[in-house]
Amino acid sequence: MGDLPCDHDALADTQNCNVEILRKIKSNDPGFQELDLFRSCDEDQDYVPTGEGLGRLGYFVGNNVILKKLSIWDLREGADEDERYGCDSRLDSVEAFFKGLSRNKSIETLELHCELLGGDIFRMIGPFLNNNHNLTKLRLGEYELSEFGREEARHLSLALGRCSKSLRVFDASCIELGDAICADIAVGLSVHPQLTVIHLNGNHIGRTNCIALGTLLRWTTTELEVLSLQGNSIDDEGVKVLTSALTNNTRLTTLDLSYNPWVSNVGWRSLSTLLSTTNLKNLQLNSNFIDDETAFLFAGALLQNDTLESLVLTGHRNTMTTAGWSAFSQLLCDTSSIHSTFLSNHTIRYFGYTIPTNVSRYFALNASGSEAKQIAMCKILRSHCEIDVKPLFEWDLNALPLTVRWFNRARTCPIEMRGSKSVRKRKFWAIYQFVRDMPILVVSKWTEMDS
């Protein structure tokens, strides 16, 4: 109790909304699991500290076992009253809050949106990050880290390094990373091989930063499942570095490189190799410079891929013509033969918006929720009105029962997926082909069955 700030039970001198929030936190109210700080009292879970209220809040949060999410917003909110005590007194209150917070063991998500304290906040938050073994998500937002000096960057790196090994998600989007800051973040994260999600969107990440990030991805975060780098300044060399670092990562399912206008087909050619070495399910390239050559690259790379479900290439920088979209149409349903149709891609379900009809209709089939075998069956029925069974004749009449069973299963395909032509008529046509081309075998088999 020695750390308890003075007069913690004197709640009457705090704003009414703060009083109620403090009571809920103090009593471990099971319905109060998320807390937003320093915004306003417009919502039930917002808290505006005044005077010594900040230290009081930290004490109660530190003892709370119910809170799951804490969002700390701009520290300038509610600062007017504190300024009467002087800047040093205000900083002491903030220190007291983080000292109390360091005892909390229940918070799973921490969001820091503070600008006022600069790098000091990373020094203050260190003990909490080290002591809380339930923290799974850390998000930094609304900073301008490019204006930080080396000392502030060092505090950030040390804070990340002190994070518990429970951390799974790191989000530092739109915080204006400089080269040095990105390198410091990479160093701080290098002790967290357990990370599964990294978001670094909108940070002007360029070639130099990609090298630091590539080292992290290659040697440390080998369990990574989601990497989002949209809205940066990545170029062809940056894509090559990232591709090389991710080549052996079989856990990666989502990669987002949207809004990186400096990448050309040189970079996309390198990236396309990931489609044969990883288990990507979602590749986002929205609003990049994508042309027909890019389409041919990815369509070719996807011929042997059966994991990718979403490839987003649309956006205002997309210049693909009918030729480029036709490459994807053929990828999804190659109508040159029944065998080719069967081997087409049946897993990609989404390409973005404004997709030509000849491509979108096959997405509807792939996204139907059916198994790949049934999707292939529906595509065969839609694309081949008369099914030639002559390639099956090398197995004589042994293939006939298999053919009949295939058509019987085909009747389970919804009519909107398989086309309007009768499956029953096509089954009879297939049987007729066997009878017409192998009459002696048919008569012989019929005689055996009749005797």
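Before going into details, it helps to say that this report is about the structure given with it.

Cut-offs used in this document
- Residues numbered from 1 in each chain as written.
- Predicted model: local features only at pLDDT ≥ 70, side-chain atom pairs only at ≥ 80, totals over all residues.
- Heavy atoms only, no water.
- Buried < 20%, exposed > 50% of the residue type's maximum accessible area, 1.4 Å probe, protein only.
- Helix = DSSP H or I, 4+ residues; strand = E, 2+ residues; numbered from the N terminus.
- Pairing = 2+ DSSP bridges.
- Axes fitted to C-alpha atoms, helices over the stretch in contact; angles between N-to-C directions.
- Contact = heavy atoms within 4.5 Å.
- Nonpolar A, V, L, I, M, F, W, Y, C, P; charged D, E, K, R; others polar.
- Phe/Tyr/Trp six-rings, centres within 6.5 Å; stacked < 30°, edge-to-face > 60°.

As a further point, take the pairing of strand 4 (residues 109–112). By the alternation rule, side chains of strand 4 split into Thr-109 and Glu-111 and Leu-110 and Leu-112, which are all buried. Bridge count between strand 3 (residues 69–72) and strand 4: 4 bridges; the pairing is parallel. Within strand 4, the residue paired with Ser-71 across the bridge is Glu-111. Of the pairings in the sheet, the one linking strand 4 to strand 5 (residues 137–140) comprises 4 bridges and is parallel in character. Looking across to strand 5, one finds that Leu-110 is bridged to Leu-138.

Spatially, 2-1-3-4-5-6-7-8-9-10-11 is the arrangement adopted by the 11 strands of the open sheet, whose pairing is parallel. Here the strands that pair on one side only, and so sit at the sheet edges, are strand 2 (46–47) and strand 11 (310–312).

It is the contact of helix 14 (residues 357–366) with helix 15 (residues 372–383), at a shortest axis distance of 9 Å, that shows an interaxial angle of 145°. Here Arg-361, Tyr-362, Leu-365 and Asn-366 of helix 14 lie close against helix 15, whose contacting residues are Ile-375, Cys-378, Lys-379, Arg-382 and Ser-383. Counted by class, the contact of helix 14 with helix 15 contains 4 nonpolar, 2 polar and 3 charged residues.

The phi dihedral of Cys-174 falls on the positive side, at around 60°, and the residue is not glycine. Despite not being glycine, Asp-396 shows a phi value in the positive range, around 55°. Within the secondary structure layout, Asp-396 lies in the loop between helix 15 and helix 16 (399–410). Accessibility expressed as a relative area gives 39% for Asp-396, which makes it partly exposed.

Every buried residue belonging to helix 12 (residues 322–332) is among Gly-324, Trp-325, Ala-327, Phe-328, Ser-329, Leu-331 and Leu-332, and all of these are buried. In the core, the buried residues of helix 12 are packed alongside helix 11 (292–301), strand 11, helix 14 and helix 15.

Counting across every chain of the model gives 9 aromatic pairs. Arranged with centres 5.1 Å apart and planes meeting at 70°, the rings of Phe-97 and Phe-98 form a pair that is edge-to-face. For the pair Phe-97 and Phe-98, a shared accessibility class is recorded, and that class is buried. Ring geometry for Phe-328 against Phe-351: centres 4.6 Å apart, planes inclined by 85°, an arrangement best described as edge-to-face. Residue Phe-328 is found in helix 12, and its partner Phe-351 is found in the loop between helix 13 (338–342) and helix 14; the two are separated by 23 residues along the sequence. Each member of the pair, Phe-328 as well as Phe-351, is classed as buried. Here a set of aromatic residues connected by ring pairs shows up, and it is made of Trp-325, Phe-328, Phe-351 and Phe-363.

Remember that the coordinates give geometry; whether it matters functionally is a separate question.
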